[in-house]
Amino acid sequence: LRAAQGSPRDAVRLFEEQLKEKRFSSEAAARYGLAMAHARGREWRRANEELSAARKLVARHWMLDTAEASIRVGEGRPAVARGILESTRREFGALYPIQLAYIDLLQSQNQHTEALPLAEEVIRGRPREARGDDARQCRDQAREAHGADRQARLTRHRSRPRGRSRSGSDKAHEVNA
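Residues numbered from 1 in each chain as written. Predicted model: local features only at pLDDT ≥ 70, side-chain atom pairs only at ≥ 80, totals over all residues. Heavy atoms only, no water.

1. Regarding the nonpolar core
Stated precisely, the cut-off is as follows: Buried Ala, Val, Leu, Ile, Met, Phe, Trp, Tyr and Cys residues that are joined via side-chain atoms within 4.5 Å together make up what is termed a nonpolar core. Burial classes: relative accessible area under 20% of the type maximum marks a residue as buried, over 50% as exposed, and values in between as partly exposed (1.4 Å probe, protein chains only). Starting at the N terminus, helices and strands are each numbered in turn, a helix being any DSSP run of H or I of at least four residues and a strand any DSSP run of E of at least two.
With 16 residues, the main nonpolar core has Ala69, Leu85, Tyr102, Ile103, Leu106, Ala115 and Leu118 as its most contacted residues. Contributing elements (two or more residues each) for this core: helix H5 (78-92), helix H6 (96-108) and helix H7 (112-125). For this core, the element with the most residues is H6, which contributes six residues.

2. Side note on the packing of helix H2 (residues 27-40) against helix H4 (residues 62-74)
Stated formally: Lines are fitted to the C-alpha atoms to define the axes, a helix being fitted only along its stretch in contact, and any angle between axes, read from their N-to-C directions, falls within 0 to 180 degrees. When an angle is under 35 degrees it counts as roughly parallel; over 145 it counts as roughly antiparallel; between 65 and 115 it counts as roughly perpendicular; any other value is oblique. Crossing handedness: left-handed means the near helix sits turned counterclockwise from the far one by under a right angle, and right-handed means the same turn made clockwise. Working rule for contacts: check all heavy atoms of both residues, and any pair within 4.5 Å makes them a contact. Only Asp, Glu, Lys and Arg are considered charged, only Ala, Val, Leu, Ile, Met, Phe, Trp, Tyr, Cys and Pro nonpolar, and every remaining residue, Gly among them, polar.
Two elements in contact, H2 and H4, have axes whose closest approach is 10 Å; the angle formed by their N-to-C orientations is 15°. Taken together, H2 and H4 sit at an angle that is classed as roughly parallel. Between H2 and H4 lies a crossing whose hand is left-handed. Residues Tyr32, Met36 and Ala39 of H2 form the contact with H4, whose own contacting residues are Met63, Leu64, Ala67, Ser70 and Ile71. Of the residues contributing to the contact of H2 with H4, the split by class is seven nonpolar, one polar and no charged.

3. Considering H6
What counts here: One fewer than the residue count of a helix, multiplied by 1.5 Å, yields its expected span.
Here H6 spans 18 Å end to end across 13 residues, near enough to the 18 Å set by a 1.5 Å rise per residue. Buried within H6 are the following residues: Tyr96, Ile98, Gln99, Leu100, Tyr102, Ile103, Leu105, Leu106 and Gln107. In the segment just after H6, asparagine 110 is the residue with positive phi, at about 60°.

4. Overview of the pattern of salt bridges
Definition in use: Within this document, salt bridges are pairs made up of a side-chain nitrogen of Lys or Arg and a carboxyl oxygen of Asp or Glu, the two lying within 4 Å of each other.
Tallying each qualifying case throughout the model produces 17 salt bridges. In this structure, arginine 55 engages glutamate 68 in a salt bridge whose closest nitrogen and oxygen atoms are separated by 2.8 Å. With arginine 55 in helix H3 (residues 44-57) and glutamate 68 in helix H4, the pair connects residues that are 13 residues apart, well separated along the chain. The salt bridge involving glutamate 68 is made with arginine 72; its shortest N-O contact spans 3.3 Å. Of this pair, glutamate 68 and arginine 72 both sit in helix H4, four residues apart, which is roughly one turn of that helix. An identical accessibility class is assigned to glutamate 68 and arginine 72; each is buried. Beyond isolated ion pairs, a larger network of salt bridges with shared partners links Arg55, Arg60, Asp65, Glu68, Arg72, Glu75, Arg77 and Glu91.

Here you go:
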């Protein structure tokens, strides 16, 4: 949470100070926060370094995986991020933050058709929880984008030039094209 507050530079200073003075309850959590602060500042190399340091302290944790996926997206490597999140989903199951991270990734890559049923599944699984609003927002964004995609395809189809009359050979040529 602190990694997302204030400016990235201020967050980096806060976590670096905590690590230097050993004022933390968990070094891995402090390094995770520092990695995320660096990522917010688009300092990908430093974010990766801190994430690696956190991984050395914790055998395996889904939060580190979602952080790594976020960094990979920032680096312009969404396919790698998707692989990380798919592996994390298989290992840790349907944890809400993992599901939202995966849905967000799909939407950022215009994969709305794939994101929509996942968002709806998350909502069905958490109908009364307040954080379900995040999933509802993901679903609504996917629906809106999916609808816009469908409308654009329909508009392109309708705007195609139409001939007044075509001979049988023209129709045959279209089928073979």
